[in-house]
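# Descriptive analysis of the structure
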Amino acid sequence: MTSLNSAIRFHGHLGPWLVLGLLMGKYGLRKINAKKYFGLSLCVSGLHKKPKSCLIDGLQLSTGCTLGKGNIRILKSKGIFVNFKNSETNKKITLRLKDKILKQLKNTTGHSASERLAKILHKKTPLDIFTLSNKR
Ligand SMILES: [Zn+2]
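A brief structural summary. (Residues numbered from 1 in each chain as written. Predicted model: local features only at pLDDT ≥ 70, side-chain atom pairs only at ≥ 80, totals over all residues. Heavy atoms only, no water.)

### Description of helix α1 (residues 4–11)
By the burial criterion, the buried members of α1 are L4, A7 and H11. Burial along α1 is one-sided: seen end-on, the buried residues are contained in an arc of 60°. Across α1 from its buried face, at more than 90 degrees, point the exposed residues N5 and R9. G12 sits one or two positions beyond α1 and adopts a positive phi of about 105°. (Buried < 20%, exposed > 50% of the residue type's maximum accessible area, 1.4 Å probe, protein only. Helix = DSSP H or I, 4+ residues; strand = E, 2+ residues; numbered from the N terminus. Arc of directions from axis to C-beta.)

### Let's talk about the environment of S45
As for its position among the elements, S45 is in strand β1 (residues 40–45). The buried category is assigned to S45, whose relative accessible area is 4%. Residues S45 and I80, 35 residues apart in the sequence, show an inter-C-alpha distance of 5.5 Å. Beyond its immediate chain neighbours, meaning those up to four positions away, S45 contacts L75, S77, G79, I80 and F81. (Contact = heavy atoms within 4.5 Å.)

Function cannot be inferred from these measures alone, as they are strictly geometric.
What follows is the structure, encoded as structure tokens:
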């Protein structure tokens with residue numbers, strides 16, 4: 001498992017979007033029953049701008065899907081959602097952030113408040129943060 005500290009070392013700072021990516025990847029991987037690194041592909045929508053795009057680093061660390069391997073795609077979109085697909089079984093899911101989490105992110109500004117929120121989010125369970133659907 002990717003520890004938070006190694007994620008911070010890779011990414012350069014602790015932020016809520018990084019933590020969300022770590023948690024989302026771990027949850028999605030489990031939900032489609034995929035093998036890390038080569039057993040899945042991701043399509044990320046609506047997270048192309050900073051700081052939201054920090055989530056993509058968390059996702060890459062937790063799923064092993066990387067831009068270098070080409071099994072993660074980044075699309076521009078108004079809505080935020082991430083499609084997970086198991087490459088072997090074709091099982092697909094879509095994960096979204098709950099409205100209350102988006103609201104918290106929106107209301108958090110400044111370095112220390114962001115770090116605080118990141119730590120709070122890191123302790124939450126996936127069901128507190130994400131909604132899962134089997135449709136695209
Ligand atoms: Zn960041």
